[in-house]
Structure formats: C-alpha cells, structure tokens
Amino acid sequence: MHVDTGAFDGLKAVPAWQQPRRQPRSWHDARRHSRAVRVLRIGLPALALLTVAWLIVSARAFPPTIGNVDLGEVGLDGTTLTMENPALSGYNENGTSYEVTAARALQDVTNPRIVTLQLIDGTMTKPDGTKVRVTAADGVYDSEEQTLKLSNDIVVRADDGSRAFLRSADVDMKAGSIVSTEPIRAETPGGRIRADTMDIAERGAHMLFKGKVVVELRLDGGSLDDRTARKPQENPADVE
Amino acid sequence: QVSDAFSGLAVDSDTPVRIEADQLEVFDADKTAVFSGNVVVRQGDTSMRTAQLKVFYSGDGLVSEGASSGQRVSRLEATGKVLINAKGQTATGDWAVFEMDTQLVTLGGNVVLSQGKNVLRGTELVVNLETGQSRLVSAKPEGTGGGRVQGLLIPGSMGQKQERRQGDDNAGGTTN
C-alpha cells in the first residue's frame, strides 16, 4: 500500500519562524502529562569542562517510565494529526525527570512512527537537582528507530551557566549518541570550544570534534573570566 | 646549568590557554583528550606547535554532579616535532611533557635552543616553572655520565648579561 505523505511533507517544510507565534507559555503552568518521548541529556564533559556533551539521551535504562502525556488540542487534517502545545513528562530509572513541550506536533496517522515537532523545549532534571534545558526550532522523532533529528537554533543550557549552540543534531537514543555535521560552539565556566563537526558517543564517554577545533581553557580548571577580560567573540555565528 | 636561558617554556595554570587543532578526541573514561593535526597552543606570547597533544585531566567525571568544573589538567604530552617560541627564544625537540603538579617542563629528543645567533643543543631541557631554572642536558650516546652541551654563545647577544659556561655538565641524566 503506497502511503501518500504529501500533505505531511508540505507541513514539515514550513519553517518555524513562519509559524503563527504562540502566546508565550509560562513554563510553570506546563501541564504534566506524558508519552514515551526521550529527553536529551547534557553531560558536562571534561578538560575544564572542555565541552558540553550535548543532547545525550539520559536514561541508562530505556524505555523510561511513562509519566503523563497531554496531546493538547488535537486536529485531524486529512491523514495528519496535529497536536497544539503537546506536553509530556516522565522519569527514568535513575530518577532523572524530564518535561518536553512543543508548539506543535504533527503525525501522519498512516505513518505514526514519525512525529514532527516544532519549537521544542525540553528540560531534564537530574537526581541532584541540576537541570539541563534544550530548545530547538524543529525536530523529527522516529519512535521505531528511537532517533530525534533536531535542526535550527538548537541551544542547550545547563544551570551552571554552560551553553551550547548547534545548527543540527542527530540524536540516537538507543546508542546514546549525538552527531552534528554542522559547526558547534559551547561555553562552560571552565572553557570554550568551537568545531566544525561533533560526534558524541557512549553517552558522552567518547567525543570527537573535527575541523578548525578551537579550545580555550585554564589548566587549573578555573573560570575563563576570572582574571582576564573576556575576548570579544570572533564570529558570533550562532544565535546567542 | 643554563639558568633562565630559556624561561620561555613557562606556562602558568591560571591564565587561559588557547589550543587549536584539526581534531580533538576526548576519552572521558580514562580522562584524556587528544588534539591532533597542526596543534597550536598559545598562552600570552608563548606558543607551541606540535603534531599531537595529549592532555591528562583530573577532577570529577563527565557529568559533574552539581560540583563546579573542578576539571584540572594534570599533564600535557606533545609528540611529533615540538616547536616552542616565546619572546624571541625558540626551542625545538621531538617531544615535550608539561607536568602541572611538579611544575616541570621537559623537552626531549634532539633539543635545539636558539635566541638570535645563540644556539644550544642537547638531548633534554628541563625547566622548573616555579624557580624558573632550566637545565639543558646532553646525555652521551654511551650514557657515561654527563655529556657535553654543544653551544655557541655570543657574549652580549643574549640580551641579558649571560655568564658563558661550556664544558662538561656532569649533571647528566634525566630527571623523570
């Protein structure tokens, strides 16, 4: 049976910034419901926090326990299911809780394994209370492959001030890997890094950066900003 | 004893270091990171070029549970033709090791120190970052004690008043 996903593709191609802007959602009234969606975990790796292991799938054990899901206002247009403001939360075995919202989620009922998300906003809270938040303009989640392809304005923030900026990220939740074939930039209290590509595997245990890698750090692990005036950013290529 | 002839190797731990390379691979399990391909390390006006730089760090693991960074670099190993220059002095060798804990920097292989027309050759240059003292050693091939440091020192051209000493330096043998 040939499935015509034409309607589906059209929707996906519409860039996020042409989407009608939702009224700003205050984070606190996010409704706490869940469905099995993975949240991206950031590990803050080594070498004076040389890098931020972005968007690593958190759970050691998968699938996470399902918390709550709220499909938001659901509409069916042809074969495309549209969910406005879906929200979901849950937690996994080691006590890491996560909440993910999106401005919109689209799913073709004839090919339900793929969910297209727009304006994603996910937060992961680790058992010790530290939080990592990931926002991205667009994402495509494949529930069978358990992969999430994020694109456009991906920003990762950890509550110690670390931040990472990516243009695209392919997350493989089963393997716990994140690959970005476009330039990345990250800042942590202890260091800064820039590279053309990034490949983080084994949940952050192994990281490979290639192409014009620039790292700034202090050998004693202290913060870059303490003693020296911050150098102006050479190319604020990515969104701040 | 070539005291502070080459203090250029000084690298302090609380001033930012900038490392550029074609590639960086981090192995968090054994706390090492390897920069490879046209590696350039800069700090202040000191720079080092090498083919590969292996960085050993300590401090908490990949995910610093709440604790602040605390990632400290304990050792740097540069291999594959090392070229260091600082304030007009250059030093080349086959490898270099920076021990942050002991504050010792060792440049090894065929070491050549040069400043202007002055050239010193040896097999190992050891610089103590704390005392600023550096010692150029030339182990004789047969390893029979101190070797002879071959050097060409032209009085006055070293800039600061440099006491010229040549001849056997029986402080041979390497420190590590």
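- Chain A appears in an unreviewed UniProt entry as Lipopolysaccharide export system protein LptC from Tepidamorphus gemmatus.

## Some remarks on the overall build of chain A
Thinking step 1. A count of helical and extended segments in chain A gives one helix and 16 strands.
Thinking step 2. The buried share of chain A, taken over its 240 residues, is 53%.
Thinking step 3. At a minimum sequence separation of 6, the contacts of chain A that also span at least 24 residues come to 51%.
Thinking step 4. Of the roughly 10,400 Å² of accessible surface on chain A, a fraction of 55% belongs to carbon and sulfur atoms.

## Regarding the pairing of strand β4 (residues 72–86) of chain B
Residue and element names in this part refer to chain B.
Thinking step 1. Bridge count between strand β3 (residues 46–58) and β4: 11 bridges; the pairing is antiparallel. Bridge pairing in β4 places T46 opposite A86.
Thinking step 2. Pairing analysis gives 10 bridges linking β4 to strand β5 (residues 89–99), with the strands arranged antiparallel. If you follow I84 over to β5, its bridge partner there is A91.
Thinking step 3. Where β4 folds back onto β5 in an antiparallel hairpin, the turn is made up of two residues, including K87, whose phi is positive at roughly 40°.

## Structural notes on the packing of aromatic side chains
Thinking step 1. Summed over all chains, the structure comprises zero aromatic pairs over all chains.
Thinking step 2. Taking NZ or CZ as reference, R75 of chain B lies 5.9 Å from the ring centre of F56 of chain B, over its face.

## Overview of unusual backbone geometry
Thinking step 1. For N152 of chain A, which is not a glycine, the phi torsion comes out positive at approximately 70°.
Thinking step 2. Despite not being glycine, K81 of chain B shows a phi value in the positive range, around 60°.
Thinking step 3. By the element assignment, K81 of chain B lies in strand β4.

## Here we look at the confidence of the model for chain B
Residues and elements named next belong to chain B.
Thinking step 1. With 66% of its residues at a pLDDT of 70 or more, chain B has an overall mean of 75.
Thinking step 2. Low pLDDT (under 50) marks residues 61–69, which in the prediction has 28 contacts with non-local residues, meaning those over four places away or in another chain.
Thinking step 3. Both scores are given for the predicted complex: the pTM is 0.69, the ipTM 0.75.

## Focus: the side chain of S177 of chain A
Thinking step 1. Relative to the helices and strands, S177 of chain A is located in strand β12 (residues 177–180).
Thinking step 2. Setting aside residues up to four positions removed in sequence, S177 of chain A forms contacts with D170, V171, D172, I200 and A201 of chain A.

## Some thoughts on the pattern of salt bridges
Thinking step 1. If you walk through the whole model with that rule in mind, you get 16 salt bridges over all chains.
Thinking step 2. Taking the shortest distance from any N to any O, the salt bridge between R75 of chain B and E77 of chain B comes out at 2.8 Å.
Thinking step 3. Residue class for R75 of chain B comes out partly exposed when judged on its relative accessible area of 24%.
Thinking step 4. Judged by its relative accessible area of 22%, E77 of chain B falls in the partly exposed class.
Thinking step 5. Each of R192 and E216 of chain A together with R18, E20 and R42 of chain B takes part in a single network of salt bridges with overlapping partners.

Parameters and conventions
- Residues numbered from 1 in each chain as written.
- Chains lettered and ligands numbered in written order.
- Predicted model: local features only at pLDDT ≥ 70, side-chain atom pairs only at ≥ 80, totals over all residues.
- Heavy atoms only, no water.
- Helix = DSSP H or I, 4+ residues; strand = E, 2+ residues; numbered from the N terminus.
- Buried < 20%, exposed > 50% of the residue type's maximum accessible area, 1.4 Å probe, protein only.
- Contact = heavy atoms within 4.5 Å.
- Areas by Shrake-Rupley, 256 points an atom, 1.4 Å probe, with all protein chains shown as cover.
- Pairing = 2+ DSSP bridges.
- Phe/Tyr/Trp six-rings, centres within 6.5 Å; stacked < 30°, edge-to-face > 60°.
- Lys NZ or Arg CZ within 6 Å of the ring centre and 35° of its normal.
- pLDDT = per-residue confidence, 0-100.
- Salt bridge = Lys/Arg side-chain N within 4 Å of Asp/Glu carboxyl O.

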